[in-house]
Each structure stands twice: as C-alpha cells, then as structure tokens.
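Chain and residue survey
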Amino acid sequence: SQTIHQWPATLVQPVGSPLSLECTVEGTSNPNLYWYRQAAGRGLQLLFYSVGIGQISSEVPQNLSASRPQDRQFILSSKKLLLSDSGFYLCAWRAMGTGTQYFGPGTRLLVL
Amino acid sequence: DQQVKQNSPSLSVQEGRISILNCDYTNSMFDYFLWYKKYPAEGPTFLISISSIKDKNEDGRFTVFLNKSAKHLSLHIVPSQPGDSAVYFCAASANTGFQKLVFGTGTRLLVSP
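Residues numbered from 1 in each chain as written. Chains lettered and ligands numbered in written order. Predicted model: local features only at pLDDT ≥ 70, side-chain atom pairs only at ≥ 80, totals over all residues. Heavy atoms only, no water.

Some points on the overall build of chain A
Our working definition: Strands are runs of DSSP state E lasting at least two residues, helices are runs of H or I lasting at least four, and both sets are numbered from the N terminus onward. What the globule rule says is 2.2 Å times the number of residues to the power 0.38, and the radius of gyration is computed from C-alpha atoms.
If you tally the helices and strands in chain A, you get zero helices and 11 strands. Seen in sequence order, chain A has helices and strands lined up from the N terminus as β-β-β-β-β-β-β-β-β-β-β. In terms of C-alpha radius of gyration, chain A reaches 13 Å, essentially the compact-globule figure of 13 Å for 112 residues. Principal axes of the C-alpha set define a box for chain A whose edges measure 40 × 25 × 20 Å.

Okay, here's the thing in structure tokens:
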C-alpha cells in the first residue's frame, strides 16, 4: 500500500531563517506531487505541483520554492522566512490517471 | 475569487441523525468532486468522490449528491457518530493534466451523543 511521510511534524523558526520541509511517498511510482498550505481558519491553498523529477510549477508567487530531486521526494524550501509563512503545510500525491489526491500528516510551521 | 464555497462554517447534529454538509461551486469546468475529513493537526483524509457524469455516489454511511445545474454538491452522513466530528472540506477539479484541486473553506461538524 502507499504511504506518504512528512517531516518535521512541527517547526518553530525565527524570521529570516531558512526552511526545508521534506515529503516522501512509498509504494507508488511516477506520482504527481503537491504542496499545500492551510493558514489559520482558512482552506487549503495549492503552492506547488510536480509531474516528474525536476518539473515544478508554482501556483502562488512567494518566497518559497520547491524541488523534486527524486521520483518520490518533494522538498519545500525558503531562503528567508517571513512571519506570513506560518501555517500548516501539507504534501499530497496522486497516481497518474486518477483524480484523488492523498495527503500526508502535515508540518506545522510557526515563524516568530 | 472563491470558486468553491462552503457557506456553513459549522454544523451540530445529534448522534444517530443525518448530517448534511453543503458545497457550491462556480466553475462549470469542474468535473470531479471530492470530500475530505480533517482532524486538527492532521492531514485531510479522503472520504468519497463523484464524477460529473453521476449524480450520486454512496460508500457505507457516506453519500455524495451532485446537482450540476445548480452547481451544488452535498455530503450526507447517516447515521452520524461522535467520531465523525471533524472539519469537512469539499474540493473540485477540472480535467487538466496536473489535476489541481480547489478547496472550500471547510465546515466543522460536531456530533453530540
């Protein structure tokens, strides 16, 4: 069966510090991968998606970036965090040819 | 522009009764709709989906109804159980290569014993 992992689970970072969140998927090949953010009291906003290694598309202009160095690994990064980057970050995967996305456990990021 | 709307931020239901969660959308290109359940500090869990070629899909206690002419879908939970208490998100996508999901803002369901 397929599983999706995210780490860390919780992160507290000062403003201006770098960020690296990691997501890995097991049990599937060539998944579509997604990064979402849920701000407090709001819905889920798509940040990035990837259809293959090295292929990243951005949905929202911001100081975040994403990379996909391996087929089942998706990384969310920032060089300098802003207070507004605080939120709950979710990684999701989708098998090719299907319509359902499956989410990881999430990372809660607090920027102080 | 909120393409997917869940106008009820919360809903309270007694155990054993029916819970009805509603969702409206504006984009006529959406052809696939999903419901997710989310507990605090956890990722959303997929519940049920429906394609635009159907008007109903049922899975155990969960049934999703789609009214394309009204651009409205609903999730029925029968019977409701206290463990169903969570935030429910509806999401929609158009038939594109990367299958972008557009989410509503969620409805918090509280099922009391």
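Alright, that's what it looks like, and here's the rest.
Some words on the state of the cysteines
Quick reminder of the rule: Two cysteine sulfur atoms make up a disulfide if the distance between them is within 2.5 Å. Relative accessible area decides the class of each residue, using a 1.4 Å probe on protein chains only: under 20% of the type maximum gives buried, over 50% gives exposed, and in between gives partly exposed.
According to the stated counting rule, one finds two disulfides over all chains in the structure shown. With its sulfur 2.0 Å from that of its partner, C23(A) forms a disulfide with C91(A). Between C23(A) and C91(A), the S-S torsion sits near -75°, and that sign places the bridge as left-handed. Of the two residues, C23(A) is situated in strand β3 (residues 19–26) and C91(A) in strand β9 (residues 87–94); the sequence distance between them amounts to 68 residues. Both residues of the pair, C23(A) and C91(A), count as buried. Residue pairing for C23(B): its cysteine sulfur links by disulfide to C90(B), the two sulfurs lying 1.9 Å apart.

As for the pattern of salt bridges
Stated formally: Put simply, a salt bridge is a Lys or Arg side-chain nitrogen that is within 4 Å of an Asp or Glu carboxyl oxygen.
In the structure shown here, the tally under the stated rule is four salt bridges over all chains. Between R37(A) and D85(A) there is a salt bridge; the shortest N-O distance is 3.8 Å. Pair noted here: R37(A) is in strand β4 (residues 32–38) and D85(A) is in the loop between β8 (73–78) and β9, with a separation of 48 residues, a long-range link. Exposure remark for R37(A): the relative accessible area of 13% places this residue in the buried category. The exposure class of D85(A) is buried, given its relative accessible area of 3%. Residues K100(B) and E59(A) are paired through a salt bridge, measuring 2.8 Å at the closest nitrogen-oxygen approach. You can see K100(B) sitting in the loop between β9 (86–94) and β10 (102–103) and its partner E59(A) sitting in the loop between β6 (55–58) and β7 (64–70), one on each of two chains. By relative accessible area, which is 30% here, K100(B) ends up partly exposed.

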